Amino acid sequence: MFKGLAATLGLWVVGAVLLRTIMVPAQVCPAIDADDATLGAQRAADWIARVQTPAGTYLYEYDSETDREVPGYNVVRHAGVTMSLYQLAAEGYGAETLAAADRGLAYMVANLVEYEGWRAFIDPSDGGIEVGASALMLAGLAQRRIATNDGQHDGLMRDLARYLVAMQLADGSFLLRWLPETGEPDPTQRSRYATGEAFWSLTLMHRFFPAEGWDMPSRAVADYLSLYRDEVEGLRFPPWADQWAAYGLSEMASWPLNEDNVRYARRLSERFGFLIRTEAQRRDSRFSDLIHGRRARAAGLGTWVEALDSLWRLASVD
């Protein structure tokens, strides 16, 4: 009897250990407080400014093993980096941060294209005119306005927003690229990122210019994201982990949101919470890589934190 009981208990112990180590390992999150987070953000901004070129571009990718810059550049991420610097400046951190962002802005202003009442940020390397680049440029200008209360770029903000609206479809979604050769958007290309980027940018327009009707295209895209985007665009494992959508929903918190938007915000919070909990179970080892997959890149993990921060702000108004 006792041997059978011991064998049963042994099996339970082995099963529990395997379950803990393989299926549901402990979550490990390093302790960090607000001061640590702020210092990390400021040091990141200082590095971005230190390696910025005289033309206003940033060091896009660096290989630490070879001590070399990786060739290539991405204007959407240029706009995003500039926006992030303005965000930090809007929180009151550093005149040098604002100066670096203004240099990044100057590069974008030098590469604008104009067409029938709007302007857009064009990729000087290939002539591409994509929604994401202009949307994040507009978001950066909005953050600059928060940081400085300087309205000198208000006209440019309106021009960029008009470009975004020109790229919006009747269902609230956005096409990706404008084709200069046809004078129309490319009807065949969408982007899983650009729609959320445009959404947030247009909600910021309503903050600064509430009498100009920017809430209408914002609400249209909010409903598209809440109800249709995952199915229309064939995105797996809905809802798509879209930190830009979280930014936009947070900006709309006091409009207020409708019930479909609220349900979408809750689903997004569940999605990002799951991603971060899963990441917290991973370890820096070959065993963990084999069982749980490789650790996320820092940039990817950062977007999950951005999203949860925005949804936390939204929840505080709910």
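See the structure above.
Now for a quick tour of the structure. (Residues numbered from 1 in each chain as written. Predicted model: local features only at pLDDT ≥ 70, side-chain atom pairs only at ≥ 80, totals over all residues. Heavy atoms only, no water.)

1. Let's talk about helix α8 (residues 215–227)
Right, on to step 1. End to end, α8 covers 18 Å across 13 residues, agreeing with the expected 18 Å (1.5 Å per residue, within 8%).
Right, on to step 2. Those residues of α8 that are buried lie in contact with α6 (154–166), α7 (194–208), α9 (229–232), α10 (243–251) and α11 (259–280). (Helix = DSSP H or I, 4+ residues; strand = E, 2+ residues; numbered from the N terminus. Expected span 1.5 Å × (residues − 1). Contact = heavy atoms within 4.5 Å.)

2. Examining α11
An α-helical turn contains 3.6 residues, so a residue and the one three or four places further along point in the same direction.
Right, on to step 1. Compared with the 32 Å implied by 1.5 Å per residue over 22 residues, the 32 Å span of α11 between its first and last C-alpha is a close match.
Right, on to step 2. Considered for burial, the residues of α11 that qualify are N261, V262, Y264, A265, L268, F272, G273, L275, E279 and A280.
Right, on to step 3. Looking at the buried residues of α11, the elements they touch are α8, α9, α10 and α13 (298–317).
Right, on to step 4. Its side-chain oxygen at 3.0 Å from the backbone nitrogen of D260, N258 defines the N-terminal cap of α11. (Buried < 20%, exposed > 50% of the residue type's maximum accessible area, 1.4 Å probe, protein only. Polar contact = N/O pair within 3.5 Å; in protein donor to acceptor, adjacent residues only side chain to side chain.)

3. Considering unusual backbone geometry
Right, on to step 1. Across the junction of P238 and P239, the peptide omega takes the value 0 degrees, indicating a cis bond.
Right, on to step 2. Along the polypeptide, P239 turns up in the loop between α9 and α10.
Right, on to step 3. The omega torsion of the bond from W255 to P256 falls at 10 degrees, within 30 degrees of zero and hence cis.
Right, on to step 4. Within the secondary structure, P256 is located in the loop between α10 and α11.
Right, on to step 5. Phi is positive for E116, close to 45 degrees, though the residue is something other than glycine.
Right, on to step 6. In this structure, E116 sits in the loop between β3 (112–115) and β4 (118–121).

4. Examining the environment of S134
Right, on to step 1. On the secondary structure map, S134 appears in helix α5 (residues 131–148).
Right, on to step 2. A relative accessible area of 0% places S134 in the buried class.
Right, on to step 3. Along the sequence, S134 and R119 sit 15 residues apart, while their C-alpha atoms lie 8.6 Å from each other.
Right, on to step 4. In this structure S134 touches A120, F121, L160 and Y163, once residues within four positions along its chain are discounted.
Right, on to step 5. In terms of polar contacts, S134 uses its side chain to reach the backbone amide nitrogen of F121, at 2.9 Å.

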